[in-house]
Every structure is written in C-alpha cells, then in structure tokens.
Amino acid sequence: MDHSSHHEHAGHTSEAPSSWRTASQATLHCLTGCAIGEILGMVIGTAAGLSAGATIVLAIALAFVFGYALTMRGVLKAGVPLRQALKVALAADTLSIAVMELVDNGVMVTVPGAMDAGLTTFLFWGALAFALAVAFVLTVPVNRWMIARGKGHAVVHAYH
C-alpha cells in the first residue's frame, strides 16, 4: 500500500485554508492602500468639481501610489534598498491593485448617481464602501492564485 500519495493529499488540504488566509491578508493590505488613494481621489476630484472621468483617473493614480507605498514601507523596514523595494512592490501589487481598481471604479460608475452624489451623501459613501467590498471579494482569488505561483505577495513575504 502506497502511503506517500495519501500523505501528500493530506498535506495539500491542510495548506488550502492558510493560503486563503494569506491571500485575504495580502488583499486587505492592498485594499488599505487602494482605499486611502481611492477615497482621497474621490474626495479631491469631487470637491474640485472635476468630471467623473478625471476623478476616477485621480483616484486610480492615488490608489496605486498608496498601494505601492504601504508594501514598500514593510519591505524597506526589512532593510531592503529603495530601488529593490520599489521592484518588489511593483511585482507584488500591480495586478492586485489593477483588479481592485477596475472592479471598484466599475461599481462606482454603475451605481446610479454615485459619482455625482457629492461627499455629504450616503449614496456616495455607501456606493464607495460597497465598491471596495466587491473589489476585495474579487481580488482575493487573484492574490491566492499569484501567491500559489510564488508571485504577488509571496515575493513580499520573503522579506518579513
């Protein structure tokens, strides 16, 4: 009786929850940076009276900046030089942030009136919270897939 295949299978099943947990943590980390940039962009764009398109561009740009900055902060703390830290952040977060921003802004544009609602309305903040929640749920599997292949936040974890 071959025990090696049974042992391998048992090891594989116990590994799955931890990789989902790792992916969730990576996504939450990414979401934090994205949300800061996204909210700042939406607030600045809306307050400045920019068009919905310009506001979204600003929000996406800031989401990438803050997303990368949060990852770099952790990697720099580990004593990695700035240039290397930037490469790690770009490798770890680009796909994750892109998916998150696509979903997030896609939802914001689809919720009727959300982009024009203004910063003092529940519609604006409710739609933004909903958009970020949907983006989180859809980005976790992307991060899990990348981590399983030694990419994304698997790269970052090598520095912790």
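Here, the structure is the one placed above.
K.L.:
Whenever I open this one, the nonpolar core confuses me. Can you help?
P.N.:
Soluble globular proteins tend to pack their nonpolar side chains together in the buried interior. With 34 residues, the main nonpolar core has C34, M42, V75, M100, M108 and F124 as its most contacted residues. Contributions of two or more residues to this core are made by helix 1 (3-47), helix 2 (52-77), helix 3 (82-110) and helix 4 (122-148). When residues in this core are grouped by element, the largest group, 10 residues, is from helix 3. Among all residues touching C34, those that are not within four sequence positions of it are A63, G67, I97, M100 and E101.

K.L.:
What am I meant to see in the packing of aromatic side chains here?
P.N.:
Centre distance and the angle of the planes are the two values used to describe a pair of aromatic rings. Inspection of the entire model under this criterion finds two aromatic pairs. With a centroid separation of 5.8 Å and an interplanar angle of 50°, the aromatic rings of F64 and Y68 are classed as tilted. Here Y68 and F64 lie together in helix 2, a separation of four residues that amounts to about one turn. Note on Y68: relative accessible area 14%, which makes it buried.

K.L.:
Is there a simple way to think about the side chain of D93 in this case?
P.N.:
Mapped onto the elements of the fold, D93 is located in helix 3. Of the side chains with opposite charge, R73 comes closest to the buried, unpaired D93, at an N-O distance of 11 Å. Separated by 2.3 Å, the side chains of D93 and T71 make a polar contact. In this structure, D93 is in contact with G67, Y68, T71 and H153, ignoring residues within four places of it in sequence.

Cut-offs used in this document
Residues numbered from 1 in each chain as written. Predicted model: local features only at pLDDT ≥ 70, side-chain atom pairs only at ≥ 80, totals over all residues. Heavy atoms only, no water. Core = buried A, V, L, I, M, F, W, Y, C linked by side-chain atoms within 4.5 Å. Buried < 20%, exposed > 50% of the residue type's maximum accessible area, 1.4 Å probe, protein only. Helix = DSSP H or I, 4+ residues; strand = E, 2+ residues; numbered from the N terminus. Contact = heavy atoms within 4.5 Å. Phe/Tyr/Trp six-rings, centres within 6.5 Å; stacked < 30°, edge-to-face > 60°. Lys, Arg positive; Asp, Glu negative; His and termini not counted. Salt bridge = Lys/Arg side-chain N within 4 Å of Asp/Glu carboxyl O. Polar contact = N/O pair within 3.5 Å; in protein donor to acceptor, adjacent residues only side chain to side chain.

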